[in-house]
Amino acid sequence: PTDTSIDTTQDIHTDIMQNKLPNVSRESVLAAFCYHFEQLAHELETRGFDALVSEYLAQWMHSGQEVEVQIEDKSQGAHKAVIVGLSKSGFLRARSHMTGQ
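Residues numbered from 1 in each chain as written. Predicted model: local features only at pLDDT ≥ 70, side-chain atom pairs only at ≥ 80, totals over all residues. Heavy atoms only, no water.

Topic: the overall build of the chain
When you go through the chain residue by residue, the secondary structure sums to three helices and three strands. Counting from the amino terminus, helix and strand elements in the chain follow one another as α-α-α-β-β-β. Evaluated residue by residue, the chain yields a buried proportion of 9% over its 101 residues. Of the contacts formed within the chain by residues at least 6 apart in sequence, a portion of 15% connects residues at least 24 apart. Surface accessibility of the chain: about 8,500 Å² in total, with carbon and sulfur atoms responsible for 55%. (Helix = DSSP H or I, 4+ residues; strand = E, 2+ residues; numbered from the N terminus. Buried < 20%, exposed > 50% of the residue type's maximum accessible area, 1.4 Å probe, protein only. Contact = heavy atoms within 4.5 Å. Areas by Shrake-Rupley, 256 points an atom, 1.4 Å probe, with all protein chains shown as cover.)

Okay, here's the thing in structure tokens:
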């Protein structure tokens, strides 16, 4: 999401500088964010993450991303893995290049 946010912010900045968008107050942006956030927080509290997972995954950027995985006790060296999705509890799922699991 960060990369998308940066790209979007840069696009909006360019549009504003070229007078393609109306000026928007900080208060309006904050109010819109808070309204949307409150709606999502309420749905999360009342219906759980399962109700939001499809919307979350629609904005998802991590699938296929390579990461390094380190076992907590560091008994083995870090190894490369690829992100394959989310667990039911919302944690990243990855497949190890070394083991295939």
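Some words on the sheet that holds strand E3 (residues 92–96)
Taken together, three strands build an open sheet; the order of strands is E1-E2-E3 and the sheet is antiparallel. Looking at which strands have only one partner, the edges of the open sheet turn out to be strand E1 (66–69) and E3. Going from strand to strand, the sheet's axes swing by 50° on average, the running direction of each strand aside. As judged from the five bridges shared by strand E2 (residues 79–86) and E3, these two strands associate in the antiparallel manner. Following the sheet pairing, Leu86 is matched in E3 by Leu92. (Pairing = 2+ DSSP bridges. Axes fitted to C-alpha atoms, helices over the stretch in contact; angles between N-to-C directions.)

Some words on the pattern of salt bridges
Where charged atoms from two side chains of opposite charge come close, those side chains can pair. Tallied over the entire structure, the rule returns two salt bridges. Here Glu43 makes a salt bridge to Arg47, at a shortest N to O gap of 2.8 Å. Taken together, the residues span about one helical turn, with Glu43 and Arg47 both in helix H2 (residues 26–47) at a distance of four residues. A residue is classified by how much of its surface remains accessible, and Arg47, at 57% relative accessible area, is exposed. The shortest N-O distance in the salt bridge between Lys80 and Glu68 comes to 3.8 Å. Here Lys80 is found in strand E2, whereas its partner Glu68 is found in strand E1, with 12 residues between them in sequence. Residue Lys80 is classed as partly exposed on the basis of its relative accessible area, which comes to 46%. (Salt bridge = Lys/Arg side-chain N within 4 Å of Asp/Glu carboxyl O.)

Comments concerning the side chain of Ser96
Relative to the helices and strands, Ser96 resides in strand E3. In this structure the side chain of Ser96 is engaged in a polar contact, spanning 3.4 Å, whose partner is the side chain of His79. (Polar contact = N/O pair within 3.5 Å; in protein donor to acceptor, adjacent residues only side chain to side chain.)

Considering the side chain of His79
In this structure, His79 sits in strand E2. Accessibility expressed as a relative area gives 15% for His79, which makes it buried. Contact partners of His79, with chain neighbours within four places excluded, come to Val67, Glu68, Val69, Ser96 and Met98.

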